[in-house]
Amino acid sequence: MESAEAGLVAEFVMESQEGLANIEQQMLAIEAGGSEVDLELVNSVFRTMHTIKGTSGFLGLDRVGTLAHSLEEVLDDMRNREITTSSELVTTILKAADFMKGLIDSVETSNEADISEHIASLQRFRAGAEQTTPGNSNPAEATNQPPTTPVATQADVSLSDAVREFLLECTENLDLMDQQLLELEQDPSSAPLIRSIFRTMHTIKGGAGYLGLGALERLAHTAENLLSNLRSGQQSLTKEHVRALLLTVDKCREGLQLVESRGNDVGLNPEPVIQLLTGNPLADEVVQPGTPTAGNEKLPRLGEMLFNQGSISEHELKAVLTRQDQGDSRRFGEILVDTGVAKSDDVVSALKTQENARTSSPPEGNIRVDVGLLDKLMTRVGELVLARNQILQRTIGMNDAEFISTAQRLNLITTELQESVMKTRMQPIGNVWSKFPRVVRDLSSQLGKQVRIEMEGKETELDKTIVEAIKDPLTHLVRNSVDHGIETPETRRAAGKPEEGRLLLRAYHEGGQVNIEIKDDGAGLNIGRIRAKAVERGLVSADQASRMSEREAAQLILLPGFSTAEKVTSVSGRGVGMDVVKTNIERIGGTIDLQTRAGQGTTIKIKIPLTLAIIPALIVTTCGERYAIPQVSLLELVRLEGAEVQRGIEYVHGAPVHRLRGKLLPLVNLSEQLQLAPSDAGTKLIASEEAVNIVVLRANDRQYGLVVDKVNDTEEIVVKPLSRQLKGLGEYAGTTIMGDGTVALILDVLGLAIASGLAAELPEQTLAGCGGDTTQQGQPTQALLVVDLGDSRRFALPTSMVARLEKVSSTSIEFANGREVIQYRGAILPLVRLSDVFGAAESSGPPPQDLQIIVYAEENHHCGFVVDRIVDIVETEYRPAAEQDQNGQLLGTAIIQQRVTDLLNLRTLARCDTRRVADKLFSSGSQR
């Protein structure tokens, strides 16, 4: 039984921490309401404390129970309007709740804690309330009594979220109580079982009382009294007790069904069961008709319902039960009407209620699942993905149509299963944000500021591992915004701003990632001061600082040891924080960016992946070994052939660089860096005229090129941790199993940059403009893919809309439903020739043997755009010189590389006359 008791304690800890987490938000909402106290919120907090008090009592957690009791008393005075709600009161309650969290976290030693300070603080607020409450000589005793006023009227109970939660919780507890009562009958001396059953009744009593469900409350209160006597040893458990408690479970379920269907428990008659619980032997005859008879469970239920409603007497009911033609419920109702025992309307009403009870059970849409079980399930799905990859690889070059079809079906099912399991791990970012209102409130009060926090996109979901990883970085950023960003009320008033500052948290999905923005309307960053501090600390030279754009200078606050605070406080000034924030975000494949405007505020933008468990990756080969590069760090691929190698590779202080669109890109040879080849192998390779494959990667806020032997393809890989022997190698982020069963190492893009010495070049790289995301004037730029159609016309499109660039043979084109299509990655990809949309160029030569295809994939739209030639990828400031055309196929016209260029609107082109066919073909292609 020790393990059972430990399980109860663990469950108590989990549920209590969930309830205490909600209290923060509820108390802040109560405070924001001012004098207009939201009684529903106060009652919700009261209920949490009441539950914690009762449960900790029978678990022997005295300190937790005493502190919960004191909080409960104050909350009771608040809901009775005997205490005026104030910021000081809310602060005291929150501090006591925080201390209680600590007690519950260390539940084994909680009885040794000193809670006197919090008890005294709470009682100070009650001193005035007790003087104005005549006749209440024992507040603690009064608190334990059922409330005399319902918390909510019956009209709004049926629509309340609290009622739905109550129904769900009670349904789960009653199901468990059924099993525990049967176990208790076999082991009457089991104290843990009695305590668990007592807890169930205590919870039902508390919830029913606060929701104004009087009949359910009386029933649960009586059962609780019996269980309390059994627990204390004042009574010994008998079979009659077990039977009475089982009947209590049935009666409680009947009450829940009434609440679910009607919104109240009117019509529930618990008195016969209450009499049995209190030991009245005469009550047994009254309850007996409600006991199911062999072969006919519905019949007694209908009779009992009519008896409870007062439609028939016990004698009349017993008389009818003696007849032999009882049949089903409807037939039994007919007997009652025919014999004149019951009225027709009463029987019809009872039959409807019974039907509702069968078809309208309490909600079952939510269940609690252990996180460890979800992790195991995710691991198994990962193994399935690996097996799927192996099978798909075996289908290459096969002619067995049946096997290929089966493999494609497996691919589809695995993908759907993977998505479903991923959803079970997804949590709303609101779980992280829920504590920020408290952080902002306490910090702004400490600093003498007025700050209002607003949140948008709290429902945005991320994988639970990501949620855990961003908690601390986001907390630090929120604190920084309040401390450094938003001014004092006096300063804001002098600047013509409202005294209350605004802090906005915004989250949304975009491009397969989660975007988070932390925006304040404060003074903005002092760029001049940042430059001066950076020079003072030796982070950059004075010349470098003077040549930095404002945006580049703002990024300096992310460097280790940087701080502009004049003095060290409990909040800031130690130069530790922003660099850690940046490191932690980049560790999970994210990026961070700052934008600031003097006098108007600062915006911090974070981009993070949805999950780390299964990710898309580029597979490359070097020295015969395969490596995976997370696609989130991949910018583009560059291939130099023949004479291009000599022209495209330059050396700066002996280090190879590639001039990519006018900017120097540092190069790192993978085989040399991993010591798979001699140290001069990279130099010899680059000096030759062999083809050079460069994978352009982003690490932190700069780029570099990774030279590899071969670029293979992209795959979805399952990330597995490094073994103990490899954990010290910063060049690797993990391992994965490839489709052929071999193991491949996952490269750490930032770790490679650090190991190669690039990390120390941040100021120089920033000054050189290798970031590639601003113009010389510091304006934001956009990466565009430039193409042509075989004549003087040029078109451009955002690279963010391009999934892949492919070159396919014209002989691979097939036709389906009158459209050109190709078989692409196990599916059917419709083609759209831009020359058909905008007109073909005049050409007298034969058609090309190979087609250049831009693969577009967004939401549920997939197609391939056929162009004549891919010209270049450029980063330029987006300034359309003309508006978009009427049919929406062009976003406008701009001057790019000194050429007039039309900007394509791929969304419109993909959704015009090809939309229906494209979607239909692609969605069904993987099933063929």
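Procedures and definitions
- Counting of residues starts from 1 at the beginning of each chain's written sequence and follows it residue by residue.
- The predicted nature of this model means local features are confined to residues of pLDDT at least 70 and side-chain atom pairs, given and counted, to a pLDDT of 80 or more, with totals for whole chains, interfaces and linings taken over all residues.
- Side-chain figures throughout are based on the complete set of non-hydrogen atoms in the structure, without hydrogens or water.
- The helix and strand labels rest on DSSP assignments: H or I over at least four residues marks a helix, E over at least two residues marks a strand, and numbering proceeds from the N terminus.
- The cut-offs for exposure are 20% and 50% of the maximum accessible area for each residue type, with area from a 1.4 Å probe on protein chains only; residues under the lower value are buried, those over the upper are exposed, and the others partly exposed.
- One speaks of a salt bridge when a side-chain nitrogen belonging to Lys or Arg is within 4 Å of a carboxyl oxygen belonging to Asp or Glu.
- A pair of strands is considered paired only if DSSP assigns at least 2 bridges between the two.
- For helices, the fitted line uses only the C-alpha atoms of the stretch in contact; every axis is such a line through C-alpha atoms, and the angle between N-to-C directions lies from 0 to 180 degrees.
- Throughout, a contact is declared for two residues whenever any of their heavy atoms are within 4.5 Å.
- What pLDDT reports is the predictor's confidence in each residue, on a scale of 0 through 100.
- In these notes, a set of buried Ala, Val, Leu, Ile, Met, Phe, Trp, Tyr and Cys residues joined through side-chain atoms within 4.5 Å is what counts as a nonpolar core.
- Paired rings are identified among Phe, Tyr and Trp, the last through its six-membered ring, by centres lying within 6.5 Å, and are further divided according to the angle between planes into stacked (under 30 degrees), edge-to-face (over 60) and tilted (the rest).
- Residue count minus one, scaled by 1.5 Å, sets the expected span of a helix.
- The seven residues ending at a residue and the seven starting there each receive a fitted axis; the angle between those axes is the bend at that residue.
- Note on terminology: disulfide denotes any pair of cysteine sulfur atoms within 2.5 Å.
- Think of it as the arc spanned by the lines of direction from the helix axis to the C-beta atoms.
- Reported orientations rely on four angle classes, namely roughly parallel under 35 degrees, roughly antiparallel over 145, roughly perpendicular from 65 to 115, and oblique for the rest.
- For any pair of crossing helices, the crossing counts as left-handed if the nearer helix is rotated counterclockwise from the farther one by less than a right angle, and right-handed if it is rotated clockwise.
- Ten residues, namely Ala, Val, Leu, Ile, Met, Phe, Trp, Tyr, Cys and Pro, are considered nonpolar, four, namely Asp, Glu, Lys and Arg, are considered charged, and the remaining ones, Gly among them, are considered polar.

A closer look at the overall build of the chain
A count of helical and extended segments in the chain gives 35 helices and 29 strands. The 928 residues of the chain split such that 47% are buried.

With respect to the pattern of salt bridges
Enumeration according to the criterion identifies 31 salt bridges in this entry. Between Arg-659 and Glu-650 there is a salt bridge; the shortest N-O distance is 3.2 Å. One connected set of salt bridges, linked through shared partners, spans Glu-24, Glu-31, Asp-98, Lys-101, Arg-438, Arg-441 and Asp-442.

Let's talk about the sheet that holds strand β18 (residues 743-747)
The strand order across the open sheet built from five strands is β16-β8-β9-β18-β17, with neighbouring strands paired in mixed fashion. Edge positions in the sheet fall to β16 (710-718) and β17 (732-737), since each of these pairs with one other strand and no more. Between one strand axis and the next, the sheet turns through 35° on average, direction left out of account. Summarising the sheet, β17 and β18 pair through five bridges and their orientation is antiparallel. For Ile-737, the partnering residue across the bridge sits in β18 and is Val-743.

Re the environment of Thr-475
Take Thr-475: it is sitting in helix α22 (residues 464-485). By relative accessible area, Thr-475 is classed as buried at 14%. In sequence terms Thr-475 and Trp-433 are 42 residues apart; their C-alpha atoms lie 8.7 Å from each other. Once residues lying within four places of it in the same chain are set aside, the contact partners of Thr-475 are Lys-435 and Phe-436.

A closer look at the confidence of the model for the chain
The predicted model of the chain averages 75 in pLDDT, with 74% of residues at 70 or higher. Considering only residues more than four positions removed or in separate chains, one finds that residues 914-928, a stretch of pLDDT under 50, has 33 contacts.

With respect to the nonpolar core
Core analysis: the largest hydrophobic core is formed by 43 residues, its most contacted members being Trp-433, Ile-470, Leu-474, Ile-516, Ile-606 and Ile-608. It is α22 that provides the largest number of residues to this core, a total of seven residues. Once residues lying within four places of it in the same chain are set aside, the contact partners of Leu-474 are Val-432, Trp-433, Phe-436, Ile-516, Ile-518 and Ile-606. Membership of the second largest hydrophobic core comes to 40 residues, among which are Leu-193, Ile-197, Ala-220 and Leu-276.

Looking at the packing of aromatic side chains
Scanning all chains against the criterion turns up two aromatic pairs. When the centroid spacing of 5.0 Å and the interplanar angle of 35° are considered together, the rings of Phe-795 and Phe-838 count as tilted. Note that Phe-795 is positioned in strand β20 (residues 794-798) and Phe-838 in helix α33 (residues 834-838), a separation of 43 residues in sequence. What makes Phe-795 buried here is its relative accessible area of 2%. Residue classification places Phe-838 among the partly exposed positions, given a relative accessible area of 21%. Pairing Tyr-856 with Phe-865 gives two aromatic rings, centres 6.2 Å apart and planes at 70°, and the pair type is edge-to-face.

Examining the pairing of β18
A regular strand places its side chains on the two faces of the sheet in alternate fashion. Counting buried positions over the five residues of β18 gives four, a clear majority of the element. Between the antiparallel neighbours β17 and β18 lie five residues, among them Gly-741 with a positive phi of about 90°.

Examining the environment of Arg-388
Within the secondary structure, Arg-388 sits in helix α18 (residues 371-394). Residue classification places Arg-388 among the buried residues on the basis of a relative accessible area of 5%. In the structure, Arg-388 is positioned 24 residues away from Leu-412 in sequence and 9.8 Å away in space, judged by C-alpha atoms. Those residues in contact with Arg-388, other than ones at most four positions away along the chain, are Asn-411, Thr-414, Thr-415, Gln-418 and Glu-716.

Section: the side chain of Thr-736
Checked against the element boundaries, Thr-736 lands in strand β17. By relative accessible area, which is 1% here, Thr-736 ends up buried. For Thr-736, the residues in contact, after removing those within four places along its chain, are Leu-386, Ile-717, Val-718, Thr-742, Val-743, Ala-744 and Ile-746.

Here's the deal with the sheet that holds strand β10 (residues 634-640)
Two orientations exist for strands paired in a sheet by backbone hydrogen bonds: parallel and antiparallel. Overall, mixed pairing links the six strands, which are arranged β10-β14-β15-β13-β12-β11 in an open sheet. Looking along the sheet, the strands with just one partner apiece sit at the ends: β10 and β11 (649-652). Direction aside, neighbouring strands of the sheet carry axes that sit 40° apart on average. Where strand β13 (residues 663-669) meets strand β15 (residues 702-708), three bridges bridge the pair, whose relative direction is parallel. Across the sheet, residue Leu-667 finds its bridge partner in β15, namely Gly-705.

Re α22
With 22 residues, α22 extends 30 Å between its outermost C-alpha atoms, agreeing within 8% with the 32 Å of an ideal straight helix rising 1.5 Å per residue. By the largest-angle criterion, Ile-470 marks the main kink of α22, which is about 40°, and a proline, Pro-473, follows within four residues.

Concerning the state of the cysteines
Here the structure, examined in full by the defined rule, presents zero disulfides. Among the cysteines around Cys-170, which has no disulfide bond, Cys-252 carries the closest sulfur, lying 7.7 Å off.

With respect to helix α24 (residues 527-536)
For α24, the set of buried residues is Ile-527, Ile-530, Lys-533 and Ala-534. Along the axis of α24, the buried positions cluster into a sector of 125°, meaning they face one direction only. Along its buried surface, α24 packs onto α26 (550-554) and β6 (591-597). Backbone geometry just after α24 places Gly-538 at a positive phi near 75°.

Some thoughts on unusual backbone geometry
In the Ramachandran plot, Cys-623 falls in the positive-phi region, its phi being about 55° despite a non-glycine side chain. Note on placement: Cys-623 falls in the loop between β8 (614-622) and β9 (625-630). Backbone geometry at Gln-675 places phi at a positive 60°, although glycine is not the residue there.

Some words on the pairing of strand β7 (residues 601-609)
Burial runs high along β7: seven of the nine residues are buried. When strand β5 (residues 513-520) meets β7, the two strands line up antiparallel, connected through eight bridges. Residue pairing for β7: Glu-517 is matched across the bridge by Lys-605. Strand direction decides the pairing type here: β6 and β7, joined by seven bridges, are antiparallel. Across the sheet, the residue bridging to Leu-594 is Ile-604, located in β7. Hairpin connection of β6 to β7: three residues between the antiparallel strands, including Gly-599 at a positive phi of 80°.

Quick notes on the packing of helix α3 (residues 62-79) against helix α4 (residues 87-105)
Contact pair α3 / α4: the axes reach a minimum separation of 10 Å and the direction vectors enclose 155°. On the basis of their axis angle, the class for α3 and α4 is roughly antiparallel. Seen along the crossing, α3 lies across α4 with a hand that is left-handed. When α3 is examined against α4, the residues Val-64, Leu-67, Ala-68, Leu-71, Val-74, Leu-75 and Met-78 are found in contact with a partner set consisting of Leu-89, Ile-93, Ala-96, Ala-97, Phe-99, Met-100, Leu-103 and Ile-104. Among the residues making up the contact of α3 with α4, the classes are represented as 15 nonpolar, no polar and no charged.

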